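Below, each chain spelled out in residue letters.
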Amino acid sequence: MAANTNAIFTLTPPTYGVQISTANTARDGTGTIGTVWTVGANGGLLTSVRVQASVTTTAGVIRLFQRPAATWFLWKEILVTAVTPSTTVEAWSAEYVPVNPLALPSGALFGASTNNAETFTVFPNAGDY
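Rules and cut-offs
- Residues numbered from 1 in each chain as written.
- Predicted model: local features only at pLDDT ≥ 70, side-chain atom pairs only at ≥ 80, totals over all residues.
- Heavy atoms only, no water.
- Helix = DSSP H or I, 4+ residues; strand = E, 2+ residues; numbered from the N terminus.
- Contact = heavy atoms within 4.5 Å.
- Pairing = 2+ DSSP bridges.
- Axes fitted to C-alpha atoms, helices over the stretch in contact; angles between N-to-C directions.
- Salt bridge = Lys/Arg side-chain N within 4 Å of Asp/Glu carboxyl O.
- Buried < 20%, exposed > 50% of the residue type's maximum accessible area, 1.4 Å probe, protein only.
- Phe/Tyr/Trp six-rings, centres within 6.5 Å; stacked < 30°, edge-to-face > 60°.
- Polar contact = N/O pair within 3.5 Å; in protein donor to acceptor, adjacent residues only side chain to side chain.

Draft legend 1. Examining the environment of G29 more closely. As for its placement among the helices and strands, G29 is situated in the loop between β1 (18-20) and β2 (34-38). Spatially, the C-alpha atoms of G29 and T71 are 7.0 Å apart, while their sequence positions differ by 42 residues. If near-sequence neighbours (up to four positions away) are discounted, G29 is found in contact with F65 and W72.

This is the structure we're talking about:
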């Protein structure tokens, strides 16, 4: 059986963040899910995700989804704590680094939703092959 013996590295990183703010309590892939990254023609690799609130937050959850074909699948939930930002208190933020990076096929989508109607920016640390 042939195996890939050459190292492969991502070539094109997504250099943007996507804002999400529409409340969506669904874990089944329905409701509003913001597309954070559309994977390129040769597939791609996600190594971490950073989420930054830009408003006061209440207890809730950010949900990360993958859509390798026609259906969104819940991949990870990140708990949000209540924070009122000020000049001495930072707004809520979190970074998730999976034990194993997420490899996605050509044309797949990576998305996010927020349980509460609060504004967050989701930054993928990923790249297309």
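From this point, things continue past the structure.
Draft legend 2. Expanded view of the sheet that holds strand β8 (residues 109-114). The strand order β2-β8-β4-β5 describes an open sheet built from four strands, whose pairing is antiparallel. Of all strands in the sheet, those with a lone pairing partner are β2 and β5 (73-80), marking the two edges. Across the sheet, the axes of successive neighbouring strands diverge by a mean angle of 20°, strand direction being ignored. Bridging between strand β4 (residues 60-67) and β5 involves seven bridges; their strand directions are antiparallel. Pairing of R63 across the sheet is with E77, part of β5.

Draft legend 3. Fine view of the pattern of salt bridges. Under the defined criterion, the tally for this structure stands at two salt bridges. E77 is the salt-bridge partner of R27, the closest N and O atoms lying 2.6 Å from each other. Of this pair, R27 sits in the loop between β1 and β2 while E77 sits in strand β5, and the two are 50 residues apart along the sequence. With a shortest N-O distance of 2.9 Å, E77 and R63 are connected by a salt bridge. Linking E77 in strand β5 with R63 in strand β4, this pair joins segments that are 14 residues apart in sequence. Judged by its relative accessible area of 2%, R63 is buried. Put simply, R27, R63 and E77 are held in one network by salt bridges that share partners.

Draft legend 4. Representation of the packing of aromatic side chains. All chains considered together, the criterion is met by four aromatic pairs. Centre to centre, the rings of W75 and F110 are 5.6 Å apart; their planes meet at 75°, and the pair counts as edge-to-face. Here W75, found in strand β5, pairs with F110, found in strand β8; they are 35 residues apart in sequence, far enough to count as distant. F110 gets classed as buried once you look at its relative accessible area, which sits at 0%. Arranged with centres 5.6 Å apart and planes meeting at 90°, the rings of W92 and F120 form a pair that is edge-to-face. Residue W92 is found in the loop between β5 and β6 (93-96), and its partner F120 is found in strand β9 (residues 120-128); the two are separated by 28 residues along the sequence. Each of the two residues, W92 as well as F120, counts as buried.

Draft legend 5. Representation of the environment of S106. Mapping S106 onto the fold places it in the loop between β7 (102-104) and β8. The class for S106 is partly exposed, based on a relative accessible area of 44%. Once you skip the residues sitting within four places of it in the chain, S106 turns out to touch V39, G40, A41 and G43. In this structure the side chain of S106 is engaged in a polar contact, spanning 3.1 Å, whose partner is the backbone oxygen of A41.

Draft legend 6. Summary view of the side chain of D128. Looking at the element boundaries, D128 is found in strand β9. Within the structure, the side chain of D128 is placed 3.3 Å from the side chain of W37, a separation counted as a polar contact. In this structure the side chain of D128 is engaged in a polar contact, spanning 3.0 Å, whose partner is the backbone nitrogen of G40. In contact with D128, other than residues within four places in its own chain, are T10, L11, T12, W37, T38, V39, G40, G43 and G44.

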